[in-house]
Amino acid sequence: MLTMKKITASAVSVVACATLAFSGCGSSAIDVADGKSADAASSAAMTVRINQAVKTLTYLPLYVAIDNGYFEDEGVNLKLDTGGSGSAAFSAVLGGSADFSIQDPVFSPKSHMNGGDGVVVSGVMNAPAEYLVGKDSTSVTDDLTTLEGKKVIVSPEPDSTWAFMTYLISKNNLKNVELINVSIGNELAAVAAGQDDYAVVAEPNASKAVMQQGLHEVYSFPKDSGWAPYAFSSLTSTKKYVDAHKSETQAVVNAFEKACQYIYANPDGAIKIGQKEFPDMDESIVEHAITHAIEMKAYPEHALVSEEAWENAMTIQSFIKNVDGLDTDSTSYETNVDSSFAKKAQE
């Protein structure tokens, strides 16, 4: 359950900013080769369509599952599309052009607020992976009042870096912290030039800040806050689809479970997959970003989205008024998370 230290606050995530900041140009693993069915009742591969919000390192478990052949092993012929945003990805599921989507899990409770039946079946990013960087190397972890009177660059409301800092300021009663909104991807230049004091960024921008801009990471939300696990990105569908396609759902979640375990058992292999999937990104940046995410336990160790991870996420979504409250009929764990597939995959 989320807790607050006397001064140090925890992290927030709406994932839009993190997802875009973590993204990069790269090859698209779109049509995975056919494989033999994992369903004993069928000899044909099961076709499953996934729509990801964007191509991003945040979704590394997906690419590990593809590149290591885990979907094929489970008898899944995967069709992967990219929606361009979380809303577009989940809309593809609602519209029937996709079976699953990957994005911020908040779209499930928001669907229930409107009479829908969204459901989360696997985690994809399991920590609020945002970082405060600045020219001054002094850590602010033990004294957040250091931020008072400072200028901090964030993305526009309601994106994740805005949400992080808004919560941090509010819960710690920080005074005169000026938030400056800039478009995603333009956070570092003003800090490096000394025009502003800090910026809140996700990977790979956090790695770029340290390795290319001469900046320093002075506060790590997932490391300091104790808010992990945190349902940051998820594999989402509808209860109607899941109930009618249990074999397909189990096979897909099995593939994600294998991918999550592989990332921690073989980080060098995970890095190589990341570099393959993002050939236009500097290999050293990819390596640093993935290593950083693993160190922060940002990628899930297992596919299961825990009750704690869900409650942490909904606490923040409620704080920024993105949902209708904490533990309501539309936001409860029981309403939104079907843990049965992930639990079976872990057996």
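Above: the structure in question.
As a starting point, this report considers the structure included with it. Predicted model only: the values in this text are computed from it and were never measured.

On to the overall build of the protein chain, then. Per the secondary structure count, the protein chain includes 16 helices and 10 strands. Classification of the 347 residues of the protein chain by burial places 57% in the buried group. Accessible surface, the protein chain: about 13,400 Å² in total, of which carbon and sulfur atoms supply 46%.

Let's shift gears to the sheet that holds strand 5 (residues 131-134). Two strands in a sheet stick together by hydrogen bonds in their backbones, pointing the same way (parallel) or opposite ways (antiparallel). One open sheet holds the five strands; their spatial order is 7-6-8-5-9, and the pairing between them is mixed. Strands with a single pairing partner mark the edges of an open sheet, and in this sheet they are strand 7 (178-181) and strand 9 (216-220). Taking the axes of each pair of neighbouring strands and ignoring which way they run, one obtains an average angle of 30° across the sheet. Pairing of strand 6 (residues 151-154) with strand 8 (residues 198-201), which is carried by two bridges, proceeds in the parallel orientation. Opposite Val-152, over in strand 8, you have Tyr-198 as the bridge partner. Contacts between helix 6 (residues 160-171) and the sheet are confined to strand 5, strand 6, strand 7, strand 8 and strand 9, with strand 7 contributing the most and set at about 170° to the helix.

Another point: the pattern of salt bridges. Here the structure, examined in full by the defined rule, presents six salt bridges. A salt bridge links Lys-276 to Asp-67; the shortest N-O distance between them is 3.4 Å. Linking Lys-276 in helix 12 (residues 267-277) with Asp-67 in helix 2 (residues 60-67), this pair joins segments that are 209 residues apart in sequence. As a salt-bridge pair, Glu-301 and Lys-297 come within 3.9 Å of each other at their nearest N and O atoms.

Two numbers describe a pair of aromatic rings. These are the distance of the centres and the angle of the planes. Tallying each qualifying case throughout the model produces eight aromatic pairs. Plain terms: the ring middles of Tyr-167 and Phe-319 are 4.7 Å apart, the flat faces sit at 80° to each other, and that makes the pair edge-to-face. Note that Tyr-167 is positioned in helix 6 and Phe-319 in helix 14 (residues 307-319), a separation of 152 residues in sequence. Judged by its relative accessible area of 26%, Phe-319 falls in the partly exposed class. Above the face of the Tyr-63 ring, Lys-55 is positioned so that its terminal group lies 5.3 Å from the ring centre.

Below, the discussion takes up a negative patch on the surface. Judged by side-chain charge, Glu-307, Asp-324, Asp-327, Asp-329 and Glu-334 come together as a negatively charged surface patch. Along the polypeptide, Asp-327 turns up in the loop between helix 14 and helix 15 (333-336). A relative accessible area of 57% places Asp-327 in the exposed class.

So, about the side chain of Asn-172. When you line up the elements, Asn-172 lands in the loop between helix 6 and strand 7. Given a relative accessible area of 11%, Asn-172 falls into the buried group.

Moving on, we come to the pairing of strand 4 (residues 118-125). Among the eight residues of strand 4, eight are classified as buried, and the element is accordingly described as predominantly covered. Both strand 4 and strand 10 (residues 233-238) contribute to a ladder of six bridges, which runs antiparallel. Following the sheet pairing, Ser-122 is matched in strand 10 by Leu-235.

As a packed pair, helix 12 and helix 13 (residues 283-295) sit with axes 9 Å apart at the nearest point and diverge in direction by 135°. Between helix 12 and helix 13, the angle is such that the two are oblique. Read as a crossing pair, helix 12 and helix 13 show a hand that is right-handed. In this structure, helix 12 contributes Pro-267, Ala-270, Ile-271, Gly-274 and Gln-275 to the contact, and helix 13 contributes Glu-283, Val-286, Glu-287, Ile-290, Thr-291 and Ile-294. Along the lines of polarity and charge, the residues of the contact of helix 12 with helix 13 split into six nonpolar, three polar and two charged.

Parameters and conventions
Residues numbered from 1 in each chain as written. Predicted model: local features only at pLDDT ≥ 70, side-chain atom pairs only at ≥ 80, totals over all residues. Heavy atoms only, no water. Helix = DSSP H or I, 4+ residues; strand = E, 2+ residues; numbered from the N terminus. Buried < 20%, exposed > 50% of the residue type's maximum accessible area, 1.4 Å probe, protein only. Areas by Shrake-Rupley, 256 points an atom, 1.4 Å probe, with all protein chains shown as cover. Pairing = 2+ DSSP bridges. Axes fitted to C-alpha atoms, helices over the stretch in contact; angles between N-to-C directions. Contact = heavy atoms within 4.5 Å. Salt bridge = Lys/Arg side-chain N within 4 Å of Asp/Glu carboxyl O. Phe/Tyr/Trp six-rings, centres within 6.5 Å; stacked < 30°, edge-to-face > 60°. Lys NZ or Arg CZ within 6 Å of the ring centre and 35° of its normal. Patch = residues over 30% accessible without salt bridge, like charges linked within 9 Å, V, L, I, M, F, W, Y side chains within 5 Å. Lys, Arg positive; Asp, Glu negative; His and termini not counted. Charge placed at Lys NZ, Arg CZ, Asp CG, Glu CD. Parallel < 35°, antiparallel > 145°, perpendicular 65-115°, else oblique. Left-handed = near helix turned anticlockwise from the far one by under 90°. Nonpolar A, V, L, I, M, F, W, Y, C, P; charged D, E, K, R; others polar.

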